[in-house]
Amino acid sequence: MTTTHFDYLIVGGGMVADTASRGIREIDADGSIGILSDDVDEPYTRPALSKKLWTDDEFTWDKVPLGTADDTGADIRLQTRATAIRPDAHEVDADGETFSYGKLLVATGGKPVPLPVDDRTDGGRVLSFRTAEDYRRLRSLAKDLDRIVVVGGGYIGSELAAALVQNDVDTVLVHTGAVLGDSMFPPALADRFEKLFRDAGVEIVAGSKVEGGQADADGVRLQLENGDEVRADAVVSGLGIEVATDLAEQAGLTVDDGIVVDAQLRASVDDVFAAGDVASYPDRILGRRRVEHVDNANEQGKAAGRNLAGAAEAYTHTPYYYSAVFGVRYEAVGTLDSSLDTVEDWTDADHGVVYYLDDDRVVGVLLWNVEDARDAARAVLAEAETLTRDDLVGRIR
């Protein structure tokens, strides 16, 4: 078995790998960087796959790749799946080859939650949605087929349903809530959110989980827990991810809802770091958490890369997350949970802020069509112990 050495080795080929490589280069201009990716594409901007590529004609495919190799000199090994990490030996096995490293970054992200469907089409009509290849496949189906079901009412599911219906696809959205968005938004806002989809022509099937189904050359039949059946030409899963911690666990890294890292993103063994969806880190405002959104991938990846190269800096960024559908953009910092108490502050019907409180302490801020207010939201969370309800109304505009 051949061995290749890299000063910095990154397992995972997503946006974290790109920003980590750039972070390394801010400190070390010459050290060798290797990226082991099981994707078929070099690192690319993932949010575009469910947003701009469907709705913005000026955002073309050439804007998707991030140019990691050209910009940083990283050696990217595509379709290369890591199978073992041996921290004591500073080695990683992948597809019959061994890679040795000086410092290692684990950025394995997660795998889409699959649908419980008997797929007799070899993926031709049943898709999960995570990669650029998944986007290309769904785009092809959207051109060739009439009716597509999206399963899942969260960020990805709602964005995919909006994308498909805006591209003249007969779209069905199946989700488990009573109203779309009701796990995140206060009741009246959830009603308004769902109305955006209904008004656009999305058929919403609420309140039941997909418990089985079958796909063949004639189409897809989904069985719901309530006994109903949904039929379409294809189905795409937008049910989120299962965090990919298997390699880390087998390597003896501490794992607890993600790879546990310290403020410098160091894992529990020497010379190993973790970042992105897979990392459980101590947020300076919100406490230990794991975040599956692009802002965290970009900022945490860069911080991890700098620390791989010796910067020894704490990761102090509190990330935000966002979604955009039907001309509405909402952003959030912290926890959005509709079971919490809320304070709503609307300047008009289309612009407002919702504060989420746990025992009268703000733990989350939703910005609904409110621009350039993320730092203000972070400030509210940082000062939460001293703020009363009366302090919140009018604070962010």
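Just so we're clear, the structure is a prediction, and the values are computed from it rather than from any experiment. Residue numbering note: each chain is counted from 1, following its sequence as written. Owing to the predicted nature of the model, reporting of local features is limited to residues with pLDDT of at least 70; listing and counting of side-chain atom pairs is limited to 80 or more, with chain, interface and lining totals taken over all residues. Heavy atoms throughout the structure, all of them, feed into the side-chain values; hydrogens and water do not.

A. Quick look at the overall build of the protein chain. A count of helical and extended segments in the protein chain gives ten helices and 26 strands. Its C-alpha atoms give the protein chain a radius of gyration of 22 Å, within 12% of the compact-globule value 21 Å for 397 residues. Projected onto its principal axes, the C-alpha coordinates of the protein chain cover approximately 60 × 55 × 40 Å. For the exposure calls, accessible area comes from a 1.4 Å probe over protein chains only, and a residue counts as buried if that area is under 20% of its type's maximum, exposed if over 50%, partly exposed in between. Taken across its 397 residues, the protein chain has 54% of its residues classed as buried. Sequence separation of at least 24 residues holds for 61% of the intrachain contacts in the protein chain that already meet a minimum separation of 6. Residues counted as positive are Lys and Arg, residues counted as negative are Asp and Glu, and His and the chain ends are not counted. For this purpose, a charge sits on NZ of Lys, CZ of Arg, CG of Asp or CD of Glu. Averaged over its 39 positive side-chain charges, the protein chain has a centre that lies 1 Å from the centre of its 74 negative ones. Secondary structure elements follow DSSP: runs of H or I no shorter than four residues count as helices, runs of E no shorter than two count as strands, and numbering proceeds from the N terminus. What the globule rule says is 2.2 Å times the number of residues to the power 0.38, and the radius of gyration is computed from C-alpha atoms. It only takes one pair of heavy atoms within 4.5 Å for two residues to be counted as in contact.

B. Local environment of the pattern of salt bridges. One side-chain nitrogen of Lys or Arg within 4 Å of one carboxyl oxygen of Asp or Glu is enough to make a salt bridge. Applying the stated criterion to the full structure yields 35 salt bridges. Close ionic contact of E331 with R329 constitutes a salt bridge, the shortest N to O distance being 2.8 Å. Here E331 falls in the buried class, since its relative accessible area comes to 5%. The exposure class assigned to R329 is partly exposed, which follows from its relative accessible area of 32%.

C. Representation of the UniProt feature "domain: Mitochondrial apoptosis-inducing factor C-terminal" (unreviewed entry) in the protein chain within the structure. UniProt positions are given in the numbering used here, feature names are shortened, and annotations may be inferred rather than shown by experiment. UniProt feature "domain: Mitochondrial apoptosis-inducing factor C-terminal" (unreviewed entry): in the numbering of this structure it lies at residues 348-382. Taken end to end, residues 348-382 comprises 26% helix and 49% strand; its first and last C-alpha atoms sit 27 Å apart.

D. Spotlight on the packing of aromatic side chains. Note on aromatic contacts: the rings of Phe and Tyr and the six-membered ring of Trp form a pair at centre separations within 6.5 Å, being stacked when their planes are under 30 degrees apart, edge-to-face when over 60 apart, and tilted otherwise. Considering all chains together, one arrives at 15 aromatic pairs under this definition. Measuring from ring centre to ring centre gives 5.4 Å for Y281 and Y315, while their planes differ by 65 degrees; the resulting arrangement is edge-to-face. One end of the pair, Y281, is in strand β20 (residues 279-283); the other, Y315, is in the loop between α8 (294-308) and β22 (321-325), with 34 residues separating them in the sequence. The same class applies to Y281 as to Y315, namely buried. Members of the aromatic cluster, connected to one another through ring pairs, are Y155, F185, F193, F197, Y321, F326, Y330 and W368. Charges are assigned to positions over rings by a cutoff of 6 Å between ring centre and Lys NZ or Arg CZ, combined with an angular limit of 35 degrees from the ring normal. R139 extends its terminal NZ or CZ atom over the ring of W54, reaching a point 4.6 Å from the ring centre. The ring of W346 carries the charged tip of R192 above its face, separated from the ring centre by 4.6 Å.

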